[in-house]
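Inside the fold
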Amino acid sequence: MTTLYEEIKHEVKKRRTFAIISHPDAGKTTLTEKLLLFGGAIRMAGEVKGRKAQKFARSDWMEIEKERGISVTTSAMQFDYGGHRINILDTPGHQDFSEDTYRTLTAADSAVMLIDSAKGVEVQTIKLFKVCSQRGIPIFTFINKMDRYGKEPLDLLEELEQVLGIRSCPMNWPIGMGDEFSGIYDRKHHRIELYRGDSQRVFFYPKKSGLDDPAIRELIGDTLYEKLCEDIDLLDIAGDPFDLEKVQQGQLTPVYFGSAINKFGVQTFLDEFVSLAPAPSPHDSSIGPVDTAMGFSGFVFKIQANMNPAHRDRIAFLRVCSGKFERGMTVNQLRTGKKIKLAQPQQFLAQDRDIVEVAYPGDIIGLHDPGIYRIGDTLCAEGSFEFPPLPQFPPEHFARVSNLNAMKYKQFQKGINQLEEEGTVQVFHTAVHAEEVILGVVGELQFEVFKYRLKGEYGADIRIQYLPYQLARWVKSADPIDTSRLTNLSCLGVFDRDERPVVLCEHEYALNWLERTYPDLVFSVTP
Ligand code: G4P
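The sections below set out a description of the structure shown in this document. Keep in mind it's a predicted model, so treat the numbers as computed, not measured. (Residues numbered from 1 in each chain as written. Predicted model: local features only at pLDDT ≥ 70, side-chain atom pairs only at ≥ 80, totals over all residues. Heavy atoms only, no water.)

Looking at the overall build of the protein chain
- Counting secondary structure elements, the protein chain contains 13 helices and 29 strands.
- A buried classification covers 56% of the 527 residues belonging to the protein chain.
- Put simply, 70% of the contacts in the protein chain that link residues at least 6 apart link residues at least 24 apart. (Helix = DSSP H or I, 4+ residues; strand = E, 2+ residues; numbered from the N terminus. Buried < 20%, exposed > 50% of the residue type's maximum accessible area, 1.4 Å probe, protein only. Contact = heavy atoms within 4.5 Å.)

Looking at the packing of helix α11 (residues 409-421) against helix α12 (residues 445-458)
- Where α11 contacts α12, the two axes come as close as 10 Å, and the packing angle between them is 125°. The angle between the axes of α11 and α12 places the two elements in the oblique class. For the crossing formed where α11 meets α12, the hand is right-handed. For the pair formed by α11 and α12, the contact residues are Gln411, Phe412, Gly415, Ile416, Gln418 and Leu419 on the first element and Phe450, Arg453, Leu454 and Tyr458 on the second.
- Residues belonging to the contact of α11 with α12 are distributed by class as follows: six nonpolar, three polar and one charged. (Axes fitted to C-alpha atoms, helices over the stretch in contact; angles between N-to-C directions. Parallel < 35°, antiparallel > 145°, perpendicular 65-115°, else oblique. Left-handed = near helix turned anticlockwise from the far one by under 90°. Nonpolar A, V, L, I, M, F, W, Y, C, P; charged D, E, K, R; others polar.)

Section: the nonpolar core
- Leu89, Met113, Leu160, Leu228 and Phe301 are the most contacted members of the largest nonpolar core, which totals 57 residues.
- Sort the elements by how many residues they give to this core and helix α8 (residues 222-238) lands first, with five residues.
- A domain split of this core shows at least three residues from each of domain 1 (17-72 + 90-101 + 110-276) and domain 2 (297-380).
- The contacts of Met113, once residues within four sequence positions are left out, are Ile21, Thr125, Phe129, Ile139, Phe140, Thr141, Phe142, Leu160 and Leu164.
- Phe79, Cys169, Leu252 and Phe269 belong to the second largest nonpolar core, which has 29 residues in total. (Core = buried A, V, L, I, M, F, W, Y, C linked by side-chain atoms within 4.5 Å. Domains from an automatic or database assignment.)

Some words on unusual backbone geometry
- At Lys145, a residue that is not glycine, the phi angle is positive and equals roughly 65°.
- Among the structural elements, Lys145 can be located in the loop between β5 (139-144) and α6 (153-164).
- When its relative accessible area of 19% is taken as the criterion, Lys145 is described as buried.
- The backbone of Glu499 sits at a positive phi, close to 65°, despite the residue not being glycine.
- With respect to the helices and strands, the residue Glu499 is situated in the loop between β27 (491-495) and β28 (501-505).
- Residue Glu499 is classed as partly exposed on the basis of its relative accessible area of 48%.

A word on the pairing of strand β2 (residues 76-81)
- When you tally the buried positions in β2, you get five out of six residues, the bulk of the element.
- One ladder, built from six bridges, connects β2 with strand β3 (residues 84-89); its direction is antiparallel. Within the sheet, the bridge partner assigned to Tyr81 lies in β3 and is His84.
- Here β2 folds back onto β3 in antiparallel fashion, the turn holding two residues, of which Gly82 has a positive phi close to 50°. (Pairing = 2+ DSSP bridges.)

Quick word on the packing of aromatic side chains
- Per the stated rule, a full pass over the model turns up 18 aromatic pairs.
- Their ring planes at 80° and their centres at 5.0 Å tell us that Phe140 and Phe273 sit as a pair that is edge-to-face. Of this pair, Phe140 sits in strand β5 while Phe273 sits in helix α10 (residues 266-276); the two residues are 133 residues apart in sequence, bridging distant segments of the chain.
- For Phe273, a relative accessible area of 1% puts it in the buried group.
- Seen in terms of ring centroids, Trp173 and Phe257 are 5.4 Å apart; in terms of plane orientation they differ by 75°. Their pairing is edge-to-face. Of this pair, Trp173 sits in strand β7 (residues 172-175) while Phe257 sits in strand β11 (residues 252-257), and the two are 84 residues apart along the sequence. The burial state of Trp173 is the same as that of Phe257; both residues are buried.
- Every member of this aromatic cluster is reached through a ring pair, and the members are Phe18, Phe140, Phe142, Tyr256, Phe269 and Phe273.
- Positioned above the aromatic ring of Phe203, the side-chain terminus of Arg191 is 4.0 Å from the ring centre. (Phe/Tyr/Trp six-rings, centres within 6.5 Å; stacked < 30°, edge-to-face > 60°. Lys NZ or Arg CZ within 6 Å of the ring centre and 35° of its normal.)

Section: the pairing of β5
- The buried fraction of β5 amounts to six of the six residues, a majority that puts the element mostly inside the structure.
- A two-sided burial pattern is seen for β5, the buried positions comprising Ile139, Thr141 and Ile143 on one face and Phe140, Phe142 and Asn144 on the other.
- Crossover strand β4 (residues 110-116) to β5 through helix α5 (residues 123-135) is right-handed.
- Judged from the three bridges that link them, β5 and β11 form a sheet pairing that is parallel. Its bridge partner lying in β11, Thr141 is registered against Val255. (Right-handed = clockwise from strand over helix to strand, strands pointing away.)

Let's talk about the sheet that holds β28
- One open sheet accounts for four strands, arranged β27-β28-β26-β29; its pairing is antiparallel. Since the sheet does not close on itself, it has two edges, and those belong to β27 and β29 (522-524), each with one partner. Direction aside, the axes of adjacent strands within the sheet are offset by 35° on average.
- Note: β27 against β28, five bridges, orientation antiparallel. Considered in β28, the bridge of Val494 is made with Val502.

Following this line, the structure appears as structure tokens:
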């Protein structure tokens, strides 16, 4: 009979929990759909092509997302593949939702960096890469859209190194691109996967080892053959060799080429990914590393309300870090010291929800949230420890918000509180008008989402008056602070929801002036 310890270790070994990071339009939705298809998680993935024809990828949840065609929310999806249980954390691609994405990355054990072969390393990829590389998680690169003409593959590798500062090791190599795209040469298995423009996987195994078999020349033609031999020679001599330890430490990224829309190279990538990507490992906490086989524990990395109009509710997403989760179990919430019974936990498969009976480290579960959770909360069955706080990002855009319908004041307040707890906005108020609401967001588009959601979910009409401030600093001092003395033409003294003094500044210059004028105060980017 297996013990609980053995059961957990066995389940942990099977788990792969990762996020896909990319710049919008690189093909993340397309790749996610194809991965889900291989896992048999969805019978038919809504073709991304159909988006404009009102067919949407199944991982899209919110109306606004559909309207704009951008991914605003984060969804978690689970499927089985080749004896592994895979959890994909889908992340909003739009730059204005980067804060949400950054937090989600804390729940991933590895990342897949998706790059458009024609665009190379783009702005949003750089930002997300930095967050992953700070955590030291392994990063696997998939270079997409090889069926189109793009940058030279060697130049793309150079870009990874120059722009991101990461060494790379191509695991396969494209044979041509665009109309001439003929397939990929697998450097490990010495085989060619032929591109036929359909979804069949066709391999060619050379009789002689390496590229010496004349049949390869016959297959792909002189020009592509010579180019392939030249490139592979160069990689063999000057490229970085594959080194699993460096991959695990996030110092070397294995690179794969393909075309997500044609499913080409995707399964090959998935096979390699599940064998190389790490299973969940011990998590740092206030009492040191928490082993995966300890009692149940996890942390909340996202809160989201009204994800699906059919279920008007709020869900806290929890990443399981240790132990076995069982439905109905009672856990400690460290922040409040309360005990909570986890009665109706849910797991996600795109839009469908299932009640989850058990879950193991690496899994993401959705907890029904009647307003008790906050982002970063640690829940554990035994003991009292906390996982490190999630990264916070200071807001860079500010606006004054007023309620236009006095009859809806209660809904207005409720909506603001809920959206703040979800981490969508930060709420400030001035000393003079405690009722006046000033919102701070990391990405400007969040104001629009905020307005849309207050109307759609709470029936409250609001007016948004944009403010010129660009920086927020928490003001710290040994003595109580009179924030009115911080207010001038370019600065506004306010309080956050915990009544901590904050100053909003129009520019760095204004902040520098405050720092010089009030040397007794500390101006901090975090609370
Ligand atoms: P995202 O989630 O990263 O924003 O990207 P998404 O999957 O929505 O893909 C963005 C565009 O790139 C889509 O085209 C999609 O069809 C296309 N695409 C994805 N993978 C590939 C690929 O391997 N090759 C080629 N050629 N295109 C790919 P779109 O212009 O938004 O839509 P549509 O005009 O094609 O319908």
